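# Notes for the structure review
This is what each chain is made of:
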Amino acid sequence: MLDITKEYLQKKYKINSKTIGLYDIAIKDVQSEFEKLDEVREYNQLKVLTALQDERISESHFTNSSGYGYGDIGRDSLDKVYARIFNCESALVRPHFVNGTHAIGAALFGNLRPNDTMLSVCGTPYDTLHNIIGITNKKDIGSLKDFGVKYKQLELNNSKVDIDLMKKTMISDKSIKLVHIQRSTGYGWRKALLISEIEEIIKAAKSINPNVICFVDNCYGEFIETTEPTDVGADLVAGSLIKNIGGGIAPTGGYIAGKEEYVVQASYRLTIPGIGGECGSTFGVMRSLFQGLFLAPHVTMEALKGAIFCARIMELAGFDVLPKYTDKRSDIIQAIKFGNKEMLINFIKGIQAGSPIDSFAQCEPWDMPGYEDKVIMAAGAFIQGASIELSADAPIREPYIAYLQGGLTFDHAKIGILIALSKVI
Ligand SMILES: *Cc1c(COP(=O)(O)O)cnc(C)c1O
C-alpha cells in the first residue's frame, strides 16, 4: 500500500496506527493463500466461458419478454448454461425467486409429500428455513409441517456431519425422502463443508437408499472450488443470485439445479403445476443475469480474498476467527467472535461506514422477517441486501459472532475491514 493511501485512510476515516501496523503484517501473510485462489478462479472462468459458448449465447438472448413470457429464449438458455456449469440435467434460474430462501423453499415444497421426512444432517438449518420447515416457536401456518411433512435433524459431531448416525437414522426410518445438506456456515460456528465432504455424505446416504434426494443449500458456495455439489452426486442444489453466482450484477433472483424430475417439481412450486418454468416474463434482466454469471468466478474470489485478509488481521488483533486464514474454504463467509455486544455492533457499523452506498447510515439491530433473534446488518450495497457486496451481519445473541462476506473488489473489502477493525481496537 502506498504511503499516500495510508495517510488518506488515516485522515479520512481516523484509522488508528495500530490497525495500519496490523495491516502491514496481515497483507504479507495472506499472499501465498491468494495464489491458490487465482488458480481456482482461472478454472471457473473457463468453465463459465465455455458454457456460454456451447449454448451459442448472442445478443438476441438478452430478451425483454412481457405477459406470460412464453418462449423467452434468454430465460430458457440461461437455464441450460447453468445446467452445464453445474454438470447436471436441468436448472431453473429466475428473477421471480425473491431470494435464496424462496428457491430453497420451492425445492423442498416441490419434492416433499405428506408423511415424507426431511433429514437435516448439519444441525439446525439456516434461520430463514425454520419457517419453511415449521420449527419456529410461532404458529407456522403453511410450513412443510403444516402439510404433514416430517422433519428430523442430526447434530454435528465436532463440527462434522455424523455420517454413521445418518446411516443408522436412514436404516431405521424409511420415510426419509430428502437429506438436507447445508454447505455454508450460516449463523453457526463451523467451517463450510468442502465438496469432498459433501461427496462423502452423499455417497453414504445413497449407499443406504439410492433413491433418497440429496439436496444441498449451496448459498455462498458457488465458484469457491473447481467443482460444485452436483459434480459429486447432489440431486438438487439451490442458491441466491445476489450472492456469488450473480457476480454482483444480477439485480435479484435465485436458482435451482439438478436432476430434471426434481427441478420440474420445484418449478411447480415457483409457479404452478403444468406451468413450471415455461412461463414468466423477464423484465429485461437477462443481460444482467448472463453478465453477472460471467463475472462471478472473479468477483467470488475478490470476496474470498477479503474474507482471508479479514481472518488474518482480526486474528492478529486478538480475536477468535473461523475459518483461519490458512484453512481450505468452501464459502465466502468469515466469522469473527467478539464475545462482547458493543464491539460486535461497532465492527458492523464500521463496515457500513466503509460502504459506497448509505455510508452515512447508522445500522441498528432489528426484527428482520424470517429471523428469530434481532439481527444487525451492514449492507451499503448497489443491490439492496446483496451479500456478494461487502457486508456484515450478526444475530444479537451470545457469543456475539459477526459474519462478514462479500466485496466486489478486494481493494474495497480491505478498506471496509480496516475501518471496522479500527473501531474496535
Ligand atoms: C443466504 C443463505 C440462505 C438464503 O438467504 P436469502 O437471504 O433468502 O437469500 C440460505 N441458506 C444459507 C446457508 C445462506 O447463507
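Note that this is a predicted model, so its numbers are computed, not measured.

Conventions we followed
- Residues numbered from 1 in each chain as written.
- Predicted model: local features only at pLDDT ≥ 70, side-chain atom pairs only at ≥ 80, totals over all residues.
- Heavy atoms only, no water.
- Domains from an automatic or database assignment.
- Contact = heavy atoms within 4.5 Å.
- Buried area = accessible area lost by both parts, 1.4 Å probe.
- Salt bridge = Lys/Arg side-chain N within 4 Å of Asp/Glu carboxyl O.
- Polar contact = N/O pair within 3.5 Å; in protein donor to acceptor, adjacent residues only side chain to side chain.
- Helix = DSSP H or I, 4+ residues; strand = E, 2+ residues; numbered from the N terminus.
- Nonpolar A, V, L, I, M, F, W, Y, C, P; charged D, E, K, R; others polar.
- Buried < 20%, exposed > 50% of the residue type's maximum accessible area, 1.4 Å probe, protein only.
- Pairing = 2+ DSSP bridges.
- Right-handed = clockwise from strand over helix to strand, strands pointing away.
- Axes fitted to C-alpha atoms, helices over the stretch in contact; angles between N-to-C directions.
- Near = heavy atom within 4 Å.
- Areas by Shrake-Rupley, 256 points an atom, 1.4 Å probe, with all protein chains shown as cover.
- Core = buried A, V, L, I, M, F, W, Y, C linked by side-chain atoms within 4.5 Å.
- Left-handed = near helix turned anticlockwise from the far one by under 90°.
- Phe/Tyr/Trp six-rings, centres within 6.5 Å; stacked < 30°, edge-to-face > 60°.

## Observations concerning the domain arrangement of the protein
Each domain of the protein was delimited in the assignment, giving domain 1 (3–44 + 294–424) and domain 2 (64–284). With centres defined by C-alpha atoms, the gap from domain 1 to domain 2 works out at 27 Å. Listed as interface residues are 42 residues of domain 1 and, on the opposing side, 36 residues of domain 2. Regarding the contact of domain 1 and domain 2, the summed buried area is about 3200 Å², with carbon and sulfur atoms giving 62% of it. Sorting the residues of domain 1 by area buried against domain 2 places S330, Y371 and E372 first, and these three jointly supply 19% of that buried surface. There are three salt bridges connecting domain 1 and domain 2. Where R397 meets D127, a salt bridge forms, and the shortest distance between an N and an O atom there is 3.7 Å. The tally of links from domain 1 across to domain 2 stands at 15 residue pairs in polar contact (both at pLDDT 80 or more). For the side of domain 1 that touches domain 2, the secondary structure elements donating two or more residues are helix 3 (31–54), helix 10 (286–316), strand 8 (320–322), strand 9 (334–337), strand 10 (375–378), strand 11 (391–395) and strand 12 (401–405). Top element by residues in the side of domain 1 that touches domain 2 is helix 10. It accounts for seven residues. In the side of domain 1 that touches domain 2, the residues fall into 25 nonpolar, eight polar and nine charged.

## A short note on the pairing of strand 5 (residues 213–217)
The buried fraction of strand 5 amounts to five of the five residues, a majority that puts the element mostly inside the structure. Across the two faces of strand 5 the burial is the same, with I213, F215 and D217 and C214 and V216 all buried. Across five bridges, the pairing between strand 4 (residues 176–182) and strand 5 is parallel. From the neighbouring strand, H180 faces strand 5, where its bridge partner is F215. Taken together, strand 4, helix 8 (residues 195–208) and strand 5 constitute a β-α-β crossover, and its handedness is right-handed. Here strand 5 pairs with strand 6 (residues 236–240) via three bridges, running parallel.

## Topic: the sheet that holds strand 6
Strand order in this open sheet of seven strands is 1-7-6-5-4-2-3, and the pairing throughout is mixed. Looking along the sheet, the strands with just one partner apiece sit at the ends: strand 1 (90–94) and strand 3 (150–153). When the angles between neighbouring strand axes are averaged without regard to direction, this sheet yields 20°. Most of the contacts of helix 5 (residues 100–111) go to strand 6, to which it runs at about 155°, and overall it touches strand 2 (117–120), strand 4, strand 5, strand 6 and strand 7 (254–258).

## Remarks on the site of the ligand
Near the ligand you find N99, G100, T101, I104, Y126, Q182, D217, C219, Y220, S240 and K243, and these make up its full shell. Backbone polar atom of G100 to an oxygen atom of the ligand: 2.8 Å apart, as the coordinates give it. A distance of 2.6 Å is found between a nitrogen atom of the ligand and a side-chain nitrogen or oxygen belonging to D217. Summarising the interface, the protein chains cover 90% of the accessible area of the ligand, which totals 380 Å² for the free molecule.

## Section: the pairing of strand 1
Buried residues dominate strand 1, accounting for five of its five residues. Bridge count for strand 1 against strand 7 is five bridges, and the pairing is antiparallel. From the neighbouring strand, V93 faces strand 7, where its bridge partner is Y255.

## Focus: the nonpolar core
Core analysis: the largest hydrophobic core is formed by 88 residues, its most contacted members being I256, I313, M314 and F347. For this core, the two domains that each supply at least three residues are domain 1 (3–44 + 294–424) and domain 2 (64–284). Sequence-distant contacts of I313, that is, excluding residues within four places in its chain, are made with T19, L22, Y23, A26, I417, L418 and L421.

## With respect to the environment of G71
Checked against the element boundaries, G71 lands in the loop between helix 3 and helix 4 (73–85). On the basis of relative accessibility, which here comes to 56%, the residue G71 falls in the exposed class. Placed 30 residues apart in sequence, G71 and R41 show a C-alpha to C-alpha distance of 33 Å.

## Remarks on the packing of helix 11 (residues 341–353) against helix 12 (residues 410–424)
Closest axis-to-axis distance for the helix 11/helix 12 pair is 7 Å, and the angle between their directions is 150°. The element helix 11 and its partner helix 12 pack so that their crossing is right-handed. Judged by residue contacts, M343, N346, F347, K349, G350, I351 and A353 of helix 11 engage G416, I417, I419, A420, L421, K423 and V424 from helix 12. For the contact of helix 11 with helix 12, the class distribution of residues is nine nonpolar, three polar and two charged.

## Things to note about the packing of aromatic side chains
Enumeration according to the criterion identifies 13 aromatic pairs in this entry. On the numbers, 5.6 Å between centres and 55° between planes, the contact of Y82 with Y255 is tilted. Placement of Y82 in helix 4 and of Y255 in strand 7 is noted, with a sequence separation of 173 residues between them. Note on Y82: relative accessible area 1%, which makes it buried. For Y255, a relative accessible area of 0% translates into the label buried.

## Focus: unusual backbone geometry
Where the residue is not glycine, phi is negative for most of them; where a peptide bond is considered, it is trans in most cases. With omega at -5°, the peptide bond leading from L322 into P323 counts as cis. Looking at the secondary structure, you find P323 in the loop between strand 8 and strand 9. Omega for the bond connecting E398 with P399 falls within 30 degrees of zero, at 5°, which places this linkage in the cis form. Relative to the assigned elements, P399 resides in the loop between strand 11 and strand 12. Of note, Y220 is a non-glycine position whose phi angle comes to about 75°, a positive value. If you trace the backbone, Y220 turns up in the loop between strand 5 and strand 6. Of note in the backbone geometry, F283 takes a positive phi value of approximately 50° without being a glycine. Relative to the helices and strands, F283 is located in the loop between helix 9 (260–270) and helix 10. Looking at F283, the relative accessible area reads 56%, which means it is exposed.

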